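# Report on the structure
Next come the chains, spelled out residue by residue.
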Amino acid sequence: MSYQVLARKWRPREFTDMVGQSHVLKALTSALSQQRLHHAYLFTGTRGVGKTTVARIFAKALNCEEGVSATPCGQCSACFEVDSGRFVDLIEVDAASRTKVEDTRDLLDNVQYLPTRGRYKVYLIDEVHMLSNSSFNALLKTLEEPPAHVMFLLATTDPQKMPVTVLSRCLQFHLKALTPEQIVARLQHILVAEKIAYDDATLPMVAKAANGSLRDALSLLDQAIAHGQGVLKSDDVRDMLGFVEHTSLAGFVAALCQKDVAATMQAIEAMEAFAPDYLAVLDELLSTLHGAAIVQQLPGSHYADNELCKRLADAIDAETLQLYYQIALHGKRDLPLAPSPREGLEMCALRMLVFAPNENSGTAQRPETPAKKPEAATAPVRQPAPVAAPIAVAAKKAEPVSEPASPTTHVELATANPVATTSEAKPEPIVDKGLCALASQWLAWLDAMKVPGLLDNLARHCALVEQQDDVLALAADHQRIEMLNGTRKSELEQALTQQLGRPIRIEIREPIPEGALTPTQLQKEREAAKRAAAEQSLNNDPRLRELLDLTEGRLLTETIRALN
Ligand SMILES: [Zn+2]
């Protein structure tokens, strides 16, 4: 007998054979056993999750000679013919290949005639969203007044492309993508029954590549069996699927666990010898980090069998794992932009090692912390900003406030840490007189003084860099200093004198020193921080999550506006 592909050979013939989808099966089973049937069912879900399989079993259940039930006998000629695709009253249409209105009309013209053999005439229309508008209209007419002996079973991967009028006349069931565990279990079952030897490591690889589709998993399994000449070896399967050699990632992960920069670079060097696909390396790394994070929370999970996941889970704390994951994710996004993929991976690895929080001091590990860094310009603002990671707070308490390097450290932790808390946007009272505090102070005065338009605009582009008793030192660029001539300067001094209740003198400096902020810049920073906090809290909102899951929607982050 010729080789029959696994997906066909192992197509479930009863509801109880189905993998997953228990929510759908339960509803259908009880409908069948109580004989409470609708005349049109719509099965939705991604490819290869069992839509047409469910529909065929349903058709069999309706027409079994033993009577309508959730457990068709499988022995009678009706059951047998449905199983072998020869049942005359099961009319299967692939709408992807039959979209013309005449075809559908031909099809529906016969609706009125009683079934030839069975109890019901069952129309199974696959990929129904592909029907043309006029075909849908023809279908709709039938759905509006369906003859009692007719049953429509529609299946689609894309229900959004269907007219609402048709959708509303169908009982809809959504079949979920299968989990890797469900797929692995099914593959195991089949391989044992087929007496095909396999390495344990192969099945998770196939399941992962199948991406939730059992049909894809089975056809990959077919290929792998052919590839390995009847045996499944993990090397062959990895080779076939183009997965990264696990062992090369092992060196990398080991170095990462020890936070050893030199060893990490060596591991990447060793990888280079195999000319790997670095995007795939990052994917593997992401999956490993994901597995490790799960093992930490659920030690009994099957990821614990993966040596690398286990190792990472033991060596690295939960927060850092999250950070690594985030960094790897960004690394993957930026990889095409890097001069070479290897450089992209190296930078990604360095970012993980250098920015990982150090458990002892609560500050970032940095090879050196020079007093002034280019990013210091944005650093101090984040201190009172609403987004502050727990670590950043801890670090702030542990260190003297005036230490020049500390603001830089805080901001990196605050922005890099994905588990930032979102407190309300109330700037805490500022005690120190750093540039950050001066910037906030200056902004507050300007808001309170309400000086005329042009002067206000000018002042908002000056940074308050020093306050000595009654003398305020303002810094600006050359052009603005020119504009802030005698009259405007004294106007500003007058306004400040009135605001502060004592004579104030302004001293002008040029240019704006590093680390200082103008009110305009400060406001921008605050807006950005508020937006980030809003985004974070939306992302953490369980109701929004539920809504997005339900609608398979996506949060358009660019539309988020923080309210004052
Ligand atoms: Zn039967």
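Our subject is the structure that appears above.
These remarks concern the structure in this document. Bear in mind the structure is a predicted one, so any value in this text is a computation, not a measurement.

## With respect to the coordination of the zinc ion
Coordination of the zinc ion by the protein involves Cys64 (SG), Cys73 (SG), Cys76 (SG) and Cys79 (SG), with metal-donor separations of 2.2 to 2.3 Å. One can describe the site at the zinc ion as tetrahedral: its four donor atoms subtend angles covering 102 to 119° at the metal. Linear spacing of the donor residues for the zinc ion on their chain is C-x8-C-x2-C-x2-C. Here the residue Cys64 occupies a position in the loop between α3 (51–63) and α4 (77–83), and Cys76 occupies one in the loop between α3 and α4, the gap between them amounting to twelve residues. Here the two residues Cys64 and Cys76 agree in accessibility, since each one is buried.

## Observations concerning the pattern of salt bridges
Tallied over the entire structure, the rule returns 24 salt bridges. With a shortest N-O distance of 2.6 Å, Asp470 and Arg502 are connected by a salt bridge. You can see Asp470 sitting in the loop between β8 (463–468) and β9 (471–475) and its partner Arg502 sitting in the loop between α23 (486–500) and β10 (505–509), a full 32 residues away along the chain. Here the salt bridges do not stand alone but share partners, grouping Arg13, Lys60 and Asp83 into one network.

## Notes on the pairing of β9
Of all the five residues making up β9, five are buried; the element is thus mostly covered by neighbouring parts of the structure. Along β9, one buried face is formed by Val471, Ala473 and Ala475 and the opposite face, lined by Leu472 and Leu474, is buried too. With five bridges joining them, β8 and β9 adopt antiparallel strand pairing. Note on β9: the bridge partner recorded for Gln468 is Val471. As consecutive antiparallel partners, β8 and β9 are separated by two residues, and within that stretch Asp469 has a phi angle of approximately 50°, a positive value. Across five bridges, β9 lies against β10 in parallel orientation. For Ala473, the partnering residue across the bridge sits in β10 and is Glu507.

The rules behind the values
Numbering of residues starts from 1 in each chain and follows the order in which that chain's sequence is written. Given that this is a predicted model, residues contribute local features only at a pLDDT of at least 70 and side-chain atom pairs are listed and counted only at 80 or more, while totals for whole chains, interfaces and linings are drawn from all residues. No hydrogens and no water enter the side-chain calculation; it runs on all heavy atoms of the structure. Coordination partners: N, O, S within 2.8 Å of the metal, 3.2 Å for Na, K and Ca; water not considered, so apparent gaps in a site are possible. Angular criteria define each label, namely tetrahedral for four donors with all angles between 85 and 135 degrees, square planar for four and octahedral for six donors with opposite donors over 155 degrees apart and remaining angles between 65 and 115, and irregular for whatever fails these tests. Strands are runs of DSSP state E lasting at least 2 residues, helices are runs of H or I lasting at least 4, and numbering of each runs from the N terminus. The cut-offs for exposure are 20% and 50% of the maximum accessible area for each residue type, with area from a 1.4 Å probe on protein chains only; residues under the lower value are buried, those over the upper are exposed, and the others partly exposed. What counts as a salt bridge is simple: a side-chain nitrogen of Lys or Arg found within 4 Å of a carboxyl oxygen of Asp or Glu. By definition, two strands form a pair when at least two bridges between them are found by DSSP.

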